[in-house]
Amino acid sequence: MTTASGNAATLQGSAKPPSWLHRNRIKLAPWFFLLPGLIFFSVYVIIPIFQSIWISLFAWDGLGAKEWVGMANYVELIDDDRFYTSLKNNLWWLVLYMLAVPAGLAIALFLNQTVTGIRFYKSMFFFPFVISQVVVGLIFSWFYNPSFGVVGIVWEFFGATPPSILGDEDLVTFGIIFAGLWPQIAYCMILYLTGLNNVSPDQVEAGRLDNAKGWKMLWYIILPQLKPATFIAIVVTVIGALRSFDLIAIMTQGGPYGSSNVLAYFMFETALSEYGFRYGYGSAIATVLFVIMLVYISFFLWRMYQDEKG
Amino acid sequence: MFPKPIEHSSAGVRTGYQIMLPIALFIWLLPLLAIVLTSIRPGGDINAGNVFGWPSDFQLIENYTAVFTQSKAGLYLWNSVKITIPTVILTVGLSCLTGYALSVYRFKWAIPLFFIFVAGNFVPFQILMVPVRDLSVNTGLYNTVHGLVLFHAAFQLGFCTLFMRNFIKALPFELIESARIEGVAEFKIFWYLVMPLVKPAVAALSVLIFTFIWNDYFWATVLIQGDHALPITAGVKALNGQFVSQWHLVSAASLLAAVPPVLMFFAMQKHFIAGLTLGATKG
């Protein structure tokens, strides 16, 4: 590449001496293409990350002067019960949200046929992912309503008193996660359907000749080929679990009594609290969430780096 | 093909499968069906306990008209359009440039910069919230459509750059090389040679970003306060407070909010899925 462009430069250079700009165009060109995007991305994404970490060392209501408090926000966080509730709920989200991966695979296997109308079914199963989480939240608030929701009706049909899922401190987080699983399963399903489409028919045939069937076939022949799909499914599910915000904001606003809070919502609630903004404390919560997320981001980047090299 | 194609199975299995499909779909979409049904029945039905039965009267048009006449849903929908479309154009356009730079040129910074874009795409929103809100307030962009567009476009650049870069990387490099030998200027190579080839990627990204931005709720609540710029997602939440116990109207408004991304998905399904799988199929 460099030699080719070098030749082009010298050929043209025989007429008149090439300018510095012209000689270095291959070196400079990427920066011209990058500049607008890079500036934009730095201002709104990269720099704010460091600003947040910095702000977490201050007490600040967003209006007046910042007051340096050092690690005080983090010390307060360690003693804050709401922080532990949120952390515990985030853990539940992470663990239970993972069910979306096998569930998505199961539905994908169920739908991976060629009967007439299957395309329609595939689209309809994917449907929940396309609608906003706000709408999903409203749908499930309605679904769970003990007096006129589907849950209420089913319970009453069996003669039982319907539980108030979103009003019960022990059930509420699971109710919200269940609602969140609905679109997430759809996402994983579509990843697997595309993956299954590309499974090598030769290997499946070879497996059949070796008498591999059912679970064995799935485990030893199909799943290894679905590895890229599984990788993406896990990544987007982890990120989705840690980002969970919309559903909580819509369905419970962290309640009852903060029992369904997660770090993302806890941070929002604290920073923009009705009782006065607490930017510093909020940023400290955000920093903790960021550090947790960084583990997964690093893992993803490391995997990508391996692919780039190999 | 796995699992075994059903047409090689016995007639019984095949019929069984055909019966299973609609039942499975019905259960899967049950929560949605419940609110579709609610959105077309009269409000009195719910108070009378008729929630899941046949509506006493079909009020499809009445209920949906009521949403527009009794609330600002029309304004919210229009705000969503004003936020979503410019964001898509801005971010997809910029990502063509960044994706091109990071895939075609081999320079020392290509991989580190690429990874910064990818990492930025995954960060939690909350780590950006306070500085971005503060920046918007200080520059007069708080509570404006432009402010939201600029932020969204910048943030989505992470995902779009990842996608574009990988897409362009997969194009035959010899094309670009031979154009260079012919002495074609770098920008002309980008514009006349590469841009026509990345059209499928532009389509995939456009539908995907459209859906992401249309469905955004978090940034709308952080950066917008008044009705004049509130998008429909945050608007539906506001309507929920306004239409207390008028469930038929809340349902209708929620479904309205979902219509544009759903239409987009059905119209451009192939591109949509290509975007979502992030090249998971190639490996």
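What counts, and where the lines are drawn
Residues numbered from 1 in each chain as written. Chains lettered and ligands numbered in written order. Predicted model: local features only at pLDDT ≥ 70, side-chain atom pairs only at ≥ 80, totals over all residues. Helix = DSSP H or I, 4+ residues; strand = E, 2+ residues; numbered from the N terminus. Domains from an automatic or database assignment. Axes fitted to C-alpha atoms, helices over the stretch in contact; angles between N-to-C directions. Parallel < 35°, antiparallel > 145°, perpendicular 65-115°, else oblique. Left-handed = near helix turned anticlockwise from the far one by under 90°. Contact = placed C-beta atoms within 7 Å. Nonpolar A, V, L, I, M, F, W, Y, C, P; charged D, E, K, R; others polar.

1. Focus on unusual backbone geometry
Part 1 of the argument: Of note, the bond from A:Gly255 into A:Pro256 is cis; its omega dihedral lies within 30 degrees of zero at -5 degrees.
Part 2 of the argument: As for its position among the elements, A:Pro256 is in the loop between helix H14 (246–251) and helix H15 (263–271).
Part 3 of the argument: Its identity as a non-glycine residue notwithstanding, A:Gln253 has a phi of 50 degrees, on the positive side.
Part 4 of the argument: Within the element layout of this structure, A:Gln253 appears in the loop between H14 and H15.
Part 5 of the argument: If you check the backbone angles, B:Asn143 has positive phi at about 65 degrees while not being a glycine.
Part 6 of the argument: Structurally, the position occupied by B:Asn143 is in the loop between helix H7 (126–138) and helix H8 (145–169).

2. Concerning the domain arrangement of chain A
The figure often quoted for interface size is the accessible area lost as the parts come together.
Part 1 of the argument: What the domain assignment lists for chain A is domain 1 (2–55) and domain 2 (80–309).
Part 2 of the argument: Centre-to-centre separation of domain 1 of chain A and domain 2 of chain A, based on C-alpha positions: 41 Å.

3. Focus on the environment of B:Ile127
Part 1 of the argument: Relative to the elements of secondary structure, B:Ile127 occurs in helix H7.
Part 2 of the argument: Taking the C-alpha atoms as reference points, B:Ile127 and B:Leu21, separated by 106 residues in sequence, lie 44 Å from one another.

4. Focus on the packing of H15(A) against H7(B)
Part 1 of the argument: At a minimum axis separation of 10 Å, H15(A) and H7(B) run at an interaxial angle of 25 degrees. One element, H15(A), and the other, H7(B), form an angle in the roughly parallel class. As for how H15(A) packs across H7(B), the hand of that crossing is right-handed. Judged by residue contacts, A:Ala264, A:Met267, A:Phe268 and A:Ala271 of H15(A) engage B:Gln126, B:Met129 and B:Val130 from H7(B).
Part 2 of the argument: Here the contact of H15(A) with H7(B) is built from residues that sort into six nonpolar, one polar and no charged.

5. A word on the interface of chain A and chain B
Part 1 of the argument: Counting residues at the interface gives 86 residues for chain A, matched by 83 residues for chain B.
Part 2 of the argument: Residue classes in the side of chain A that touches chain B are distributed as 64 nonpolar, 17 polar and five charged.

6. Brief notes about the packing of helix H10 (residues 172–197) of chain A against helix H13 (residues 227–243) of chain A
Residues and elements named next belong to chain A.
Part 1 of the argument: Interaxial distance between H10 and H13 falls to 9 Å at its minimum, and their mutual angle equals 165 degrees. Relative to H13, the element H10 is oriented roughly antiparallel. When you trace H10 past H13, the crossing you get is right-handed. Judged by residue contacts, Gln184, Tyr187, Cys188, Leu191, Tyr192, Thr194 and Gly195 of H10 engage Pro228, Ala229, Ile232, Ala233, Val236, Thr237 and Gly240 from H13.
Part 2 of the argument: Its residues assigned to classes, the contact of H10 with H13 comprises nine nonpolar, five polar and no charged.

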